[in-house]
Amino acid sequence: MPQQKVRTVFEVDVPIHTRDRKLHGLHVFTGQATSPDEALTRAHQVYDQALAAREAGRDNPGRQDGGWGACGVRDGWEPDWEAAKTAVWCSTGSFAL
């Protein structure tokens, strides 16, 4: 019987800034993954899907497999995926996936 990979909840923190770089912040993603690399990939995928939906005038796709989703995507803000930090998420009990 093949062994299943353990899924852990990760947090992916992606620095964001406006195109003119006057404003900056952090976009935080959380969801289940088997590794930090998978978590980063999933965060990037759901961001891209939410951005594409916004640009097409459609509703945000919402949460997807593993709890991943992207809300608060705004025009004029650029994520810096190369500077993203991924870690196991530590629950404060105030947020549920």
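Coordinates for the structure precede this section.
Notes on the structure in this doc start here. (Residues numbered from 1 in each chain as written. Predicted model: local features only at pLDDT ≥ 70, side-chain atom pairs only at ≥ 80, totals over all residues. Heavy atoms only, no water.)

### Quick notes on the packing of aromatic side chains
Next up, step 1: Counted under the stated rule, the structure contains two aromatic pairs.
Next up, step 2: Aromatic side chains Tyr-47 and Trp-81 sit 5.8 Å apart centroid to centroid with 65° between the ring planes, which places their arrangement in the edge-to-face category. Here Tyr-47 is found in helix 1 (residues 36-55), whereas its partner Trp-81 is found in the loop between strand 3 (77-79) and strand 4 (85-88), with 34 residues between them in sequence.
Next up, step 3: Here the aromatic cluster, defined as three or more aromatic residues joined through ring pairs, consists of Phe-29, Tyr-47 and Trp-81. (Phe/Tyr/Trp six-rings, centres within 6.5 Å; stacked < 30°, edge-to-face > 60°. Helix = DSSP H or I, 4+ residues; strand = E, 2+ residues; numbered from the N terminus.)

### Brief notes about the pairing of strand 2 (residues 24-33)
Next up, step 1: As paired elements, strand 1 (residues 8-18) and strand 2 share 10 bridges and run antiparallel to each other. When the bridges of strand 2 are listed, Val-9 appears paired with Gln-32.
Next up, step 2: If you look at the hairpin formed by strand 1 and strand 2, you'll find five residues sitting between the two strands, and Arg-21 has a positive phi there, around 65°. (Pairing = 2+ DSSP bridges.)

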